[in-house]
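# Tertiary structure, described
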Amino acid sequence: MRIAIQKFGGTSLATSDLRLRVCDIISATRSKGLSVVVVVSAIGRKQNPYATDTFINLVKEINSYPSPREMDLIMSCGEVISGVLLSNQLCATGIETKFLTGGQAGIITDGNYGSAHILYVNPRNVLNCLENNIVPVIAGFQGMGENGELTTLGRGGSDTTASALGVALNAEVVDIFTDVEGVMTADPRIVENARLLDAITYNEICQLARDGAKVVHPRAIEIAMQGAIPLRVRSTFSDSLGTLVTNHLNGSNETVRIIRDCLITGITYTSNIAQIRLNMGIIQEQKGISLKVFKSLADVDISVDFINVQPEHIMFTVPSDSALKATKVLQDSGFSPDVTLECAKVAVVGAAMTGIPGVMAKVVEALSEKDIPILQSGDSYTNIWCLVKREHMEDAVKVLHDKFELGKKI
Ligand code: ADP
Ligand code: ASP
Ligand code: MG
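Right, let's walk through the structure included here. On a predicted model such as this, the values are computed, not experimentally measured, just so you know. Position labels on residues start from 1 in each chain and follow its written sequence. Working convention: letters from A go to chains and numbers from 1 go to ligands, in the order in which they are written. Residues qualify for local features only when their pLDDT is at least 70, as the model is predicted, and side-chain atom pairs are given and counted only at 80 or more; totals for whole chains, interfaces and linings, by contrast, use all residues. With hydrogens and water set aside, each side-chain value is computed from the structure's full complement of heavy atoms.

We now examine the site of ligand 2. Residues in contact with ligand 2, as listed here, are Ser 41, Ala 42, Thr 52, Glu 79, Phe 141, Arg 155, Gly 156, Gly 157 and Ser 158. Between Ser 41 and ligand 2, the recorded distance is 3.3 Å, taken from a side-chain N or O atom to an oxygen atom. As used in this structure description, the phrase polar contact means that two N or O atoms lie within 3.5 Å; if the pair is within protein, one of them must be able to donate a hydrogen and the other to accept it, and residues adjacent in sequence are counted only when both atoms belong to side chains. In this structure, a nitrogen atom belonging to ligand 2 sits 2.7 Å away from a side-chain N or O atom of Thr 52. Computed by Shrake-Rupley with a 1.4 Å probe, the accessible areas treat only the displayed protein chains as cover when residues are assessed. Contact with the protein chains covers 84% of the free accessible surface of ligand 2, which is 260 Å². In this classification, Asp, Glu, Lys and Arg are treated as charged, Ala, Val, Leu, Ile, Met, Phe, Trp, Tyr, Cys and Pro as nonpolar, and every other residue, Gly included, as polar. Its residues assigned to classes, the shell around ligand 2 comprises two nonpolar, five polar and two charged. We call a residue near a molecule or strand when any one of its heavy atoms sits within 4 Å of it.

Whether a set of points on the 1 Å grid over the protein atoms alone is a cavity depends on a 1.4 Å probe fitting there but being unable to get out, while an open set qualifies as a pocket with protein on both sides within 12 Å along at least five of seven lines; lining residues are those with an atom within 4 Å of a point. Grid points are joined across faces, edges and corners, and a volume is the space filled by probe spheres set on the points. Its boundaries defined by the atoms lining it, the second largest pocket holds a volume of some 450 Å³. Around the second largest pocket, the lining comprises 22 residues; the ones closest to its centre are Thr 29, Lys 32, Asp 175, Arg 234 and Leu 241. Segments assigned H or I by DSSP are reported as helices when at least four residues long, segments assigned E as strands when at least two residues long, and all are numbered from the N terminus. Mapped by element, the contributors of at least two residues to the lining of the second largest pocket are β1 (3-8), α1 (16-30), β9 (173-178) and β11 (231-235). Ranked by residues supplied to the lining of the second largest pocket, first place goes to α1 with five residues. For the lining of the second largest pocket, the per-class residue count stands at nine nonpolar, five polar and eight charged.

Moving on, we come to the sheet that holds strand β10 (residues 199-200). The rule for pairing is simple: two strands pair if DSSP sees at least two bridges between them. An order of β3-β6-β2-β1-β9-β11-β12-β10 is seen for the eight strands of this open sheet, with the pairing classed as mixed. The open sheet has two edge strands, β3 (97-100) and β10, and neither has a second partner. Across five bridges, β1 lies against β9 in parallel orientation. Among the inter-strand pairings, Gln 6 is bridged to a residue of β9, identified as Asp 175. Against the sheet, α1 contacts β1, β2 (35-40), β6 (135-139) and β9, and its axis sits at roughly 170° relative to β1. The contact criterion used throughout is that any non-hydrogen atoms of two residues lie within 4.5 Å. A fitted line through C-alpha atoms serves as each axis, taken over the contacting stretch for helices, and the angle formed by two N-to-C directions is quoted from 0 to 180°.

Glancing now at the nonpolar core. We call a set of buried Ala, Val, Leu, Ile, Met, Phe, Trp, Tyr and Cys residues a nonpolar core when their side-chain atoms join them within 4.5 Å. With a 1.4 Å probe rolled over the protein chains alone, any residue whose accessible area is under 20% of its type maximum counts as buried; one over 50% counts as exposed, and the rest are partly exposed. Ranked by internal contacts, the top residues of the largest apolar core, which has 44 residues, are Ile 5, Val 37, Val 126, Leu 165, Ile 205 and Ile 221. When residues in this core are grouped by element, the largest group, five residues, is from helix α7 (residues 202-210). When sequence neighbours within four positions are dropped, the list of residues in contact with Ile 5 reads Val 37, Val 39, Ala 162, Leu 165, Gly 166, Leu 169, Ala 171, Val 173, Val 174 and Asp 175. Listed in part, the 26 residues of the second largest apolar core include Val 191, Val 359, Val 363 and Ile 372.

For an α-helix the count is 3.6 residues per turn, leaving residues at separations of three or four pointing the same way. Taken as a whole, helix α9 (residues 289-299) has its buried residues at Ile 289, Val 293, Ser 296 and Leu 297. Around the axis of α9, the buried residues are gathered within 95° of arc, so they sit on the same side. More than 90 degrees from the buried face of α9, the exposed residues found are Leu 291 and Asp 299. Directly beyond the C-terminal end of α9, a positive phi value near 65° is found at Asp 301. What the arc measures is the spread of directions leading from the helix axis to the C-beta atoms.

Right, let's get into the pattern of salt bridges. Within this document, salt bridges are pairs made up of a side-chain nitrogen of Lys or Arg and a carboxyl oxygen of Asp or Glu, the two lying within 4 Å of each other. Taken as a whole and assessed by the stated rule, the structure comprises 17 salt bridges. Its salt-bridge partner being Asp 53, residue Arg 155 comes within 3.1 Å of it at the nearest N-O pair. Of the two residues, Arg 155 is situated in the loop between β8 (150-152) and α6 (158-168) and Asp 53 in helix α2 (residues 52-60); the sequence distance between them amounts to 102 residues. Close ionic contact of Lys 328 with Asp 332 constitutes a salt bridge, the shortest N to O distance being 3.0 Å. Of this pair, Lys 328 and Asp 332 both sit in helix α10 (residues 323-332), four residues apart, roughly one helical turn. Classification of Asp 332 by relative accessible area gives exposed; the value is 59%. Sharing partners across several salt bridges, the network here consists of Arg 45, Asp 179 and Arg 189.

Once that is clear, we can look at the site of ligand 1. Every one of the 18 residues lining ligand 1 counts as a neighbour, but Arg 45, Thr 178, Asp 179, Asp 187 and Arg 189 are closest to it. In the environment of ligand 1, an oxygen atom lies 3.3 Å from a nitrogen or oxygen atom belonging to the backbone of Gly 10. Within the side chain of Arg 189, one N or O atom sits 2.5 Å away from an oxygen atom of ligand 1. For ligand 1, whose free accessible area comes to 580 Å², the fraction covered by protein is 92%. In the shell around ligand 1, the residues fall into eight nonpolar, four polar and six charged.

Looking now at the side chain of His 392. For His 392, the position within the fold is in the loop between β20 (383-389) and α12 (393-403). On the basis of relative accessible area, His 392 is assigned to the buried category, the value being 19%. Leave out the neighbours within four places in its chain, and His 392 touches Ile 372 and Pro 373.

Taken by themselves, the reported measurements are silent on function.
As structure tokens, then:
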């Protein structure tokens, strides 16, 4: 059996006209001889009555620290609503369908509410549908712990459901349908001349996604890569083929073109970050200061990032919503932290930049031409990160995209 997994994001399902368009896409794929497994996200984004954020806010208006188990139950509602609607709409077009929750679709996870990992997939119910010519419509983003409790897979996790099913069913392709043309050299909402990448490696998209290009969830890519299942990121609103994520392309006459990592693949950003800086001037003689700082934060479950420990200071970032708590904890431990609340991390991502001189020089040149101060920087084999003030984020992304000429056709 030739199987295609087709996952539709929230904006692709937002109106009944769009859901009709989605039905057409599914029908067209079936008429090419493929059995389709549909995965859905919750309808719409923030503000939409059935979006995940709306359900979260409903509870948080009553209780700022609700139980993670109950949060997962309410967060999973959006996918149930959109799945049942789409299933009925497909049915109205004459296609036999069956809606399945994540657990019913055999997505079995660990018990980590809010960001559960898939342990295994038991595709029995899904296969049963396909064998009977029924299109299974599956709620993305949710699974079931081995104890039968409902779990969610982390924000944006419907992509992960699609990839995991793709691997379990040995699908020909996992299509991620969204509201942009595919994976681009930067978020097209910020950079007007961002270029569509028609084929990229798993490695490249993984780096982009980990650094904030939320077009596909990083876990979804890791799972597809491990199972060597091709992913295609494409638009619900156009017929273009989007971006194929794979390590090779079949050419003519049985030739196979190996896709290489680009020097610079794209520019990404993450906002909602606060920087914390502790000057060690007077206290540097004391032993174990760093340990005391990081342990006190770990004890209250605050995760730190962008860590820089030097004899003169300790710098790191925390998510904005943990900044107040982190400041209080550090003050209670006798420190006087300097906190910059509204920051963003901008990254130049390129899986082949290792050992190439001049990349950082260009980054500094671009940002200083626009008078954008770098609050902190860091790098790895595949990325250079700069922390900037939130108000400079959009300009930083644009100027770096221009400096590396990523909008030009190659
Ligand atoms: P969906 O609801 O379909 O899952 P998401 O909002 O999760 O959609 O992801 C799509 C969004 O990702 C786009 O609307 C776009 O603004 C954003 N995005 C960020 N970086 C990129 C990029 N490099 N290429 C394409 N889209 C990007
Ligand atoms: N609805 C979930 C979220 O908003 C999952 C997803 O969209 O993929 O995070
Ligand atoms: Mg998404």
